[in-house]
Amino acid sequence: MTQARPSRLYVDTKRVIGQISPLLFSGFAEHMGRCIYQGIYDPASPHANENGLRQDVLAALRELNYRSMRYPGGNFVSGYRWEDGIGPKENRPSLRELAWQSIESNQFGTDEFMQFCREIDTEPMLAVNLGTGSIQDAANLVEYCNAPVGSKYADLRAANSQRDPYGVKYWCLGNEMDGPWQIGHLDAAEYGTKALEAAKLMRLQDSSIELALCGSSSSKMPTYPEWDRISLELCWEQVNYHSMHYYADNQDGDTASYLSLSAAFEDYVDTVAAVLRYVKAKTCSKHDVYLSWDEWNVWYKARGQSDMRGDWTEAPHLIEEVYNLEDALVVAQWLNVFLRKADVLKIACIAQIVNVIAPILTKRNDMLKQTIYYPLLMFSQMASGASLDLLVESPRYETKKFGDMPLLDVSAAYDAAAGQNTIFIVNRSQTDRVPLEINWQDIAPKRISSAHQLAGHDPKAANTWDNPNQLTTQAIYAPRIIDGKAELSLPPLSFTALGVEV
Ligand code: AHR
């Protein structure tokens, strides 16, 4: 192992980017493969509680501290009739689910999802079907969830054992409606028109709800970013968030570029944020719309035909991506980007939470935490307060896709009320240790109270059922702060999270 030139980080708690929304640490659970069935809900598992929810999975989800949960899809939602998933379970239909070519038993539906959210103390975020669904269906679901008893759908909820309204605040107006693969796909103007009418009806049911419009389903779509402009121009005043989706890959096996992918994430946010500013100016609006990155993760190894189709079976093994060290370092950088864009980005949902491109894999009797679990855990537990605009002086390296990039990717938060500054650092080098000097410019922190690191030699190494703890965060020696400075040496291929008592 060689050593790179020293680097310096300057922290000033007055240089604030924005307040970190807790909803940046949210998840996404779709009726797809084994996410719901055999992941969250598996009455046949020895770990199931009396409601069929897996207790080992619930414990891991609680530890990850997801602040909200998007549900029920994904592509699934565009063919979903929510009324099939409520009422006595024996009366619910088994149906051919077209998006993933699977059999949907409907044994888990809206009420079970609400119970699940209560169990893990998270806010539900429901997507409505704007593919085969009507604006009336969408409004009816808002009534079912949020209206007091005394009308048809609210009374139906009460008959299903839930008298008090659920009070669902966050709603998504469909899913990836720009994608030709989407059931009921529309062009931007058609979608904007339908979304506007759905929003109107949903708000007539409950004026307090917050709505997310479908943005482009990736920055690689041919209609990007025109789709975003057109749909936003039509719906600006009615929506609170505009969605982004992105799945990262190292298809070319170019690890140096892959480890600098945060450049692409930042570019994507900057472009869509520019569209938001453009539309706000064009519509002479005083209203603000924020970004909701409501599907994000690494996904490329499990993307073959057979990964995407369930052959008309229940809970098939679909897109069960295995995550390695380099994937975890990309996820850590993604979370760094969320903090660095905290002024405009207010929601982010990792896709997905169990089995399907997820930090957790299950077998009926067992559960495995993948590498990406650990950066999520660190951020979700530690990042709060204000995000800081840092000055980073780092040695650089050459990449094919992004040119000259810094070896270190860093973000930081300052929570004045909690008296805590947190710093998150990825060393992208595959070979070099990077010595780092941290300088606090406007405060004299007391001490580094926690220091954790995920690191390894092999970017392709992963946790396996036989070796489940090969790659986890380890407590490392917390350097002392002397005269407002601390020094540490960051190993190659590493992610470090520091908690600093102020
Ligand atoms: O998360 C898997 C799928 O990816 C979702 O259903 C869809 O929205 C996206 O294309």
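Remember, predicted model here, so these are calculated numbers, not experimental data. Here, residues in each chain are numbered from 1, in the same order as that chain's written sequence. Given that this is a predicted model, residues contribute local features only at a pLDDT of at least 70 and side-chain atom pairs are listed and counted only at 80 or more, while totals for whole chains, interfaces and linings are drawn from all residues. No hydrogens and no water enter the side-chain calculation; it runs on all heavy atoms of the structure.

J.: I would appreciate a short explanation of the overall build of the chain in the present structure.
T.: A count of helices and strands for the chain gives eleven helices and 26 strands. Radius of gyration: over C-alpha atoms. The globule rule applied is 2.2 Å multiplied by the number of residues raised to the 0.38 power. For 502 residues, the compact-globule estimate of 2.2 N^0.38 gives 23 Å, and the chain sits close to it at 23 Å. Taking the principal axes of its C-alpha atoms as reference, the chain extends roughly 65 × 60 × 45 Å. Relative accessibility thresholds used throughout: buried, under 20% of the residue-type maximum; exposed, over 50%; partly exposed, between the two (1.4 Å probe, protein chains only). Burial analysis of the chain (502 residues in total) assigns 62% to the buried set. Only heavy atoms matter for contacts: two residues are in contact if any of them lie within 4.5 Å across the pair. Considering only contacts in the chain between residues 6 or more positions apart, those separated by 24 or more positions represent 77%. Accessible surface is estimated by sampling points in the Shrake-Rupley manner with a 1.4 Å probe; for residues, cover comes only from the protein chains shown. Just so you have it, the chain exposes about 18,900 Å², and 49% of that area is on carbon and sulfur atoms. Strands here mean DSSP runs of E at least two residues long; helices mean DSSP runs of H or I at least four residues long; both are numbered from the N terminus.

J.: Honestly, the domain arrangement of the chain in this entry has me stumped. Any pointers?
T.: Reports of interface size often rely on the accessible area that becomes lost once the parts have come together. Examined at the domain level, the chain breaks down into domain 1 (2-14 + 387-501) and domain 2 (21-382). Summarising the inter-unit geometry, the C-alpha centres of domain 1 and domain 2 are found 30 Å apart. With 41 residues of domain 1 in contact, the opposing surface of domain 2 contributes 39 residues. Once two parts are put together, the accessible area they lose, assessed with a 1.4 Å probe and summed over both, is termed the buried area. Roughly 3,300 Å² of surface becomes buried between domain 1 and domain 2 when both sides are summed, with 66% attributable to carbon and sulfur atoms. The salt bridge definition used is simple: a Lys or Arg side-chain nitrogen within 4 Å of an Asp or Glu carboxyl oxygen. Taken together, the connections running from domain 1 to domain 2 amount to three salt bridges. An automatic or database domain assignment provides the domain bounds reported here.

J.: Just to check I follow, could you spell out the site of the ligand for this structure?
T.: Residues in close proximity to the ligand include Phe28, Glu30, Gly74, Asn75, Trp100, Asn175, Glu176, Tyr247, Glu295, Trp299, Gln352 and Ile357, which together make up its full environment. Nitrogen and oxygen atoms within 3.5 Å of one another constitute a polar contact, given that in protein one can donate a hydrogen and the other can accept it, and given that sequence-neighbouring residues count only through two side-chain atoms. Between the ligand and tyrosine 247, the relevant distance is 2.8 Å, taken from an oxygen atom to a side-chain nitrogen or oxygen of the residue. For the ligand, an oxygen atom lies 2.7 Å from a polar atom in the side chain of glutamate 295. Protein contacts shield 95% of the accessible area of the ligand, which totals 280 Å² for the unbound molecule. The residue classification treats Ala, Val, Leu, Ile, Met, Phe, Trp, Tyr, Cys and Pro as nonpolar and Asp, Glu, Lys and Arg as charged. All others, Gly included, are polar. Its residues assigned to classes, the shell around the ligand shows five nonpolar, four polar and three charged. Near is defined per residue: the residue qualifies when any heavy atom it owns lies within 4 Å of the molecule or strand.

J.: So what exactly am I meant to see when it comes to unusual backbone geometry here?
T.: Note: most residues except glycine have negative phi, and most peptide bonds are trans. A cis amide bond, omega 15°, links glycine 73 with the succeeding residue glycine 74. Mapped onto the elements of the fold, glycine 74 is located in the loop between β5 (68-71) and β6 (95-97). The amide bond that connects alanine 351 to the next residue, glutamine 352, takes the cis arrangement and shows omega of -5°. Within the secondary structure, glutamine 352 is located in the loop between β13 (345-351) and β14 (360-363). Even without being a glycine, aspartate 121 presents a positive backbone phi close to 55°. By secondary structure assignment, the location of aspartate 121 is in the loop between α2 (110-120) and β8 (123-128).

J.: Got a minute to help me understand the side chain of glutamine 370 in this structure?
T.: For glutamine 370, the position within the fold is in the loop between β15 (366-369) and α11 (373-382). A distance of 2.9 Å separates a polar atom in the side chain of glutamine 370 from the backbone oxygen of glutamate 321. Contact partners of glutamine 370, with chain neighbours within four places excluded, come to Glu321, Val322, Tyr323, Ala358, Pro359, Leu361 and Asn463.

J.: Help me out: how do you make sense of the sheet that holds strand β10 (residues 210-213) in this one?
T.: The pairing of strands in a sheet happens through backbone hydrogen bonds and is either parallel or antiparallel. The eight strands are arranged β4-β5-β8-β9-β10-β11-β12-β13 in a closed barrel whose pairing can be described as parallel. Strand-to-strand twist in this sheet, taken as the mean axis angle between neighbours without regard to direction, amounts to 30°. Pairing of β5 with β8 involves four bridges; the strand directions are parallel. For arginine 70, the partnering residue across the bridge sits in β8 and is methionine 125. Paired strands, in this sense, are two strands between which DSSP finds at least two bridges. Convention adopted: a line fitted to C-alpha atoms gives each axis, helices being fitted over their contacting stretch, and angles between N-to-C directions are expressed from 0 to 180 degrees.

J.: Teacher, can you tell me more about the sheet that holds strand β23 (residues 447-455) here?
T.: Spatially, seven strands are ordered β3-β16-β20-β21-β26-β23-β24 in an open sheet, and the strand pairing comes out antiparallel. For this open sheet the edge positions go to β3 (16-19) and β24 (474-475), each flanked by a neighbour on one side alone. In this structure, strand β16 (residues 386-388) lies alongside strand β20 (residues 408-415), joined through two bridges in antiparallel fashion. If you follow serine 387 over to β20, its bridge partner there is alanine 413. Along the sheet, α11 makes contact with β20, β21 (420-427), β23 and β26 (494-501), crossing β26 at roughly 20°.

J.: Looking at this model, I keep getting lost on the packing of helix α3 (residues 135-146) against helix α5 (residues 188-205). Mind explaining?
T.: At a closest axis distance of 8 Å, the pairing of α3 and α5 adopts a crossing angle of 30°. What the angle tells us is that α3 and α5 run roughly parallel. Note on packing geometry: the crossing formed by α3 with α5 is right-handed. Together, Ile135, Gln136, Ala138, Ala139, Val142 and Glu143 of α3 and Lys194, Glu197, Ala198, Leu201, Met202 and Gln205 of α5 make up the contact between the two elements. Among the residues forming the contact of α3 with α5, the class breakdown is seven nonpolar, two polar and three charged. Should an angle fall under 35 degrees it is called roughly parallel, over 145 degrees roughly antiparallel, and 65 to 115 degrees roughly perpendicular, with every other angle called oblique. In this scheme, a crossing is called left-handed if the near helix is turned counterclockwise away from the far one by less than a right angle; it is called right-handed if the turn is clockwise.

J.: I would appreciate a short explanation of the pairing of β23 in the present structure.
T.: For a regular strand, the rule is simple: side chains alternate between the two faces of the sheet. Looking at chain direction, β23 and β26 are connected through eight bridges and run antiparallel. Across the sheet, the residue bridging to glutamine 453 is threonine 496, located in β26. Sheet analysis places β23 next to β24, joined by two bridges and oriented antiparallel. Across the sheet, histidine 452 pairs through a bridge with alanine 475, a residue of β24.

J.: I keep staring at the environment of alanine 444 and nothing clicks. Help me out?
T.: With respect to the helices and strands, alanine 444 occurs in the loop between β22 (432-440) and β23. A residue is classified by how much of its surface remains accessible, and alanine 444, at 67% relative accessible area, is exposed. Residues alanine 444 and valine 502, spaced 58 residues apart in sequence, show a C-alpha to C-alpha distance of 7.1 Å.

J.: What should I look at first to understand the pairing of β5 in this one?
T.: What you see with β5 is no split at all: Ser68 and Arg70 on one side and Met69 and Tyr71 on the other are buried throughout. Pairing analysis gives two bridges linking strand β4 (residues 26-28) to β5, with the strands arranged parallel. Looking across to β5, one finds that glycine 27 is bridged to methionine 69. When the strands point away from the viewer, a crossover counts as right-handed if the path from the first strand over the helix to the second runs clockwise. For the crossover from β4 across helix α1 (residues 55-64) to β5, the handedness is right-handed.

J.: How should I be thinking about the state of the cysteines in this particular structure?
T.: Simply put, disulfide is the name for a covalent bond between the sulfur atoms of two cysteines. Here, the term disulfide refers to a pair of cysteine sulfur atoms separated by no more than 2.5 Å. Applying the stated criterion to the full structure yields zero disulfides. Here cysteine 214 is not disulfide-linked; the sulfur of cysteine 172 is the nearest cysteine sulfur, at 7.7 Å. Unpaired in this structure, cysteine 284 has its nearest cysteine sulfur neighbour in cysteine 235, at a distance of 18 Å. We classify cysteine 284 as exposed; its relative accessible area is 67%.

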